Amino acid sequence: MPITPGDTPRTPDVQVGPLDLVARVDDALAVQALAFGLSQEEIGVRHHIVLRHLMYPGCRAYGATTPEGRLAGFVYGMPNDRAHWWSTVVEPYLRREDLDGWLDDSFVITELHVHPSFQARGIGRELITTITDRVPQPRSILSAIDVESPARRLYRSLGYQDLARQVHFPGAPRPYAVMGAPLPLRRRPVPAPETD
């Protein structure tokens, strides 16, 4: 599905396309470490988690790369499965809101990160719309730190709404919000051409 003019990144030399995340896992985790503030120990733990996720049916990844092959950002996700760890943590919070049906027939955005030197250029928007445009599920869910942030504003602009807040993941120092959106994600309105 083509990207509309309102979704193209403001860094035209960065290209978004399928990413061999197994081969580029170290590059992706280096981006995530900078964007999310991870320690070396956390990177080591996430390395194994990412490789395990990539074995799940329907898991897919996209990257934003420069002409030199530098990874400017990445996204990966998979069809949700209630047996997966993430779902088991968020299910009670969603059930409390009578929204646990969102865990069925949804595509989960597992990770979305853009290198700090490439942020605020539309790359995250293109990554998330590109991956979700290519899935058969009718909706998408994700979790984000439960504070007002550029990431939360991006997700809201795409149609994601809060489903549950103050979600506590074991070992995470800050609470998260679970957000959901119907697919396809909302696009920015394309400005109407000027008329005389």
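You'll find the structure just up there.
Residues numbered from 1 in each chain as written. Predicted model: local features only at pLDDT ≥ 70, side-chain atom pairs only at ≥ 80, totals over all residues. Heavy atoms only, no water.

> Just to check I follow, could you spell out the packing of aromatic side chains for this structure?
Taken as a whole and judged by the stated rule, the model has 3 aromatic pairs. Centroid distance Phe169 to Tyr176: 5.2 Å. Interplanar angle 90 degrees. Geometry classified as edge-to-face. These aromatic residues form a ring-pair network of at least three members: Trp85, Phe169 and Tyr176. (Phe/Tyr/Trp six-rings, centres within 6.5 Å; stacked < 30°, edge-to-face > 60°.)

> Help me understand unusual backbone geometry, please; the structure alone is not making it clear to me.
What is expected of a backbone is that most residues other than glycine have negative phi and most peptide bonds are trans. Put simply, Leu183 and Pro184 share a cis peptide bond, and its omega is 0 degrees. Along the chain, Pro184 turns up in the segment after β7 (176–182). Look at Asp98: it is not a glycine, yet its phi comes out positive at around 60 degrees. Examined against the element boundaries, Asp98 turns out to sit in the loop between α3 (85–96) and β4 (106–114). Looking at Asp98, the relative accessible area reads 67%, which means it is exposed. Notably, Gln166 is not glycine yet its phi reads approximately 55 degrees, a positive angle. Looking at the element boundaries, Gln166 is found in strand β6 (residues 161–167). (Helix = DSSP H or I, 4+ residues; strand = E, 2+ residues; numbered from the N terminus. Buried < 20%, exposed > 50% of the residue type's maximum accessible area, 1.4 Å probe, protein only.)

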